[in-house]
Amino acid sequence: MKHLIMAVAVTGLATSLFAAPKRTVVVWSEGTAPKNVYPEDINGAIVEGLKASPLMKDWDVVRASLGDPDQGISDELLKKADVVVWWGHTKHGDVKDELVDKIEKRVKEEGMGFIALHSAHFAKPNKRLMGTPCTFAAYVADNKENEMKVAMPNHPICKGVAKTFTIENDERYSDPYAVPETNEVPLVGVQVHKNGTREDAKMGFCWTIGKGRFFYLQAGHETNPIFFNPEIRKVMANAVLWAAPKK
Ligand code: ZN
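Residues numbered from 1 in each chain as written. Predicted model: local features only at pLDDT ≥ 70, side-chain atom pairs only at ≥ 80, totals over all residues. Heavy atoms only, no water.

Another point: the layout of surface pockets. In this structure, the largest pocket occupies an estimated 160 Å³ of space. In this structure, the largest pocket is lined by D175, P176, Y177, V179, P180, E181, T182, V185, K202, F205 and W207. Sorting the residues of the lining of the largest pocket by element identifies β8 (172–177) and β10 (198–209) as the ones contributing at least two each. (1 Å grid on protein atoms, 1.4 Å probe; cavity = no way out; pocket = protein on both sides within 12 Å on 5 of 7 lines; lining within 4 Å. Points joined across faces, edges and corners; volume = space filled by probe spheres on them. Helix = DSSP H or I, 4+ residues; strand = E, 2+ residues; numbered from the N terminus.)

Right, dumping it as structure tokens:
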């Protein structure tokens, strides 16, 4: 009996010693999405999707908001974050430069992944990491839908995602996007305007910024429930795994 207890104790110790520590993704938003579409804001919808994904079983999924202490991202949390996901729209200016400095360092020098969504193109950390104006040619609320297409079927961000799928989007962002050039654009789309005009657009962009990986998703306007879409939820989980530093 004594030996059995010893064996169990040793096995338990070995398991705790050798089990890989959980990885961490922080999903941040500013709390301004309409409550009738996003009762728990954008980050709440994304956290719900990530937690439901079998791909994320070894991950801690942390929801962070602008109104939280330390604007949602304490030094301790940032230090352990493998990936930060960011959605903002009207409160970019409220984000402290000091936090942006820390995020930039974590990505460029330490390899943390960063994912920016839709109107976060003008968010401080997005502009800092891109180092460009991050403007689109046009922003017009005449978009009926996006016909999303997988452009790089073997890309990790497209794994298991339907080759084509439709999402509603009230607002179109027109190419070109003023960012560093990249040939790694795994998702594209056709923006169908309310008058029937069709316009090609790049939808998902990848870069390596310093030591870190960076993904931008153009779709994500807050008046439509894009982050509840099952294909977008697959894209988000895939993007977190892709952006995470390789250990
Ligand atoms: Zn928008």
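Resuming the write-up.
Put simply, D175 and P176 share a cis peptide bond, and its omega is -5 degrees. Position of P176 relative to the elements: it lies in strand β8. Positive phi, close to 55 degrees, is recorded for Q71, a residue that is not glycine. On the secondary structure map, Q71 appears in the loop between β2 (59–65) and α3 (75–80). One non-glycine residue, C134, lies in the positive phi region at around 60 degrees. For C134, the location among the structural elements is in the loop between α5 (124–130) and β5 (136–140).

Attention now goes to the pairing of strand β6 (residues 143–150). Sheet topology note: the β6/strand β9 (residues 187–193) ladder contains 7 bridges and is antiparallel. Along β9, the bridge assignment pairs N146 with Q191. (Pairing = 2+ DSSP bridges.)

What follows concerns the coordination of the zinc ion. Four donors placed tetrahedrally around a metal ideally meet at 109.5 degrees, and six donors placed octahedrally ideally meet at 90 or 180 degrees. Coordination of the zinc ion by the protein is provided by H118 (NE2), E171 (OE) and H221 (ND1), with metal-donor distances spanning 1.9 to 2.1 Å. Sequence spacing of the donor residues for the zinc ion, all on one chain, is H-x52-E-x49-H. Of the two residues, E171 is situated in the loop between β7 (164–168) and β8 and H221 in the loop between β11 (212–217) and α6 (230–243); the sequence distance between them amounts to 50 residues. Exposure remark for E171: the relative accessible area of 16% places this residue in the buried category. (Donors = N, O, S within 2.8 Å, 3.2 Å for Na, K, Ca; no water. Buried < 20%, exposed > 50% of the residue type's maximum accessible area, 1.4 Å probe, protein only.)

Contact geometry for helix α2 (residues 41–52) and α6: axes closest at 9 Å, N-to-C directions at 75 degrees. In terms of axis orientation, α2 runs roughly perpendicular to α6. The segment α2 lies against α6, with A45, I46, E48, G49 and L50 engaging R233, M236, A237 and V240. Classifying every residue of the contact of α2 with α6 by side-chain character gives 6 nonpolar, 1 polar and 2 charged. (Axes fitted to C-alpha atoms, helices over the stretch in contact; angles between N-to-C directions. Parallel < 35°, antiparallel > 145°, perpendicular 65-115°, else oblique. Contact = heavy atoms within 4.5 Å. Nonpolar A, V, L, I, M, F, W, Y, C, P; charged D, E, K, R; others polar.)

The tally for this structure, following the rule as stated, stands at 18 salt bridges. The salt bridge partner of R106 is E110, with a shortest N-O separation of 2.9 Å. Of this pair, R106 and E110 both sit in helix α4 (residues 97–110), separated by 4 residues, roughly a single helical turn. R106 sits in the buried class, given a relative accessible area of 12%. Overall, E110 belongs to the partly exposed group, its relative accessible area being 40%. Shared partners join several salt bridges into a network, and the residues in it are D101, E104, K108 and R128. (Salt bridge = Lys/Arg side-chain N within 4 Å of Asp/Glu carboxyl O.)

Before going further, it helps to spend a moment on the pairing of strand β1 (residues 23–29). Counted residue by residue, β1 has 7 buried out of 7 residues, so it is predominantly covered. Summarising the sheet, β1 and β2 pair through 7 bridges and their orientation is parallel. Residue pairing across strands places V25 opposite V61, the latter belonging to β2. For the segment spanning β1, α2 and β2, crossover handedness is right-handed. By the bridge criterion, 5 bridges tie β1 to strand β3 (residues 83–87) in an arrangement that is parallel. When the sheet's bridge partners are listed, V26 is paired in β3 with V84. (Right-handed = clockwise from strand over helix to strand, strands pointing away.)

Everything listed here is a matter of geometry and, on its own, says nothing about what the molecule does.
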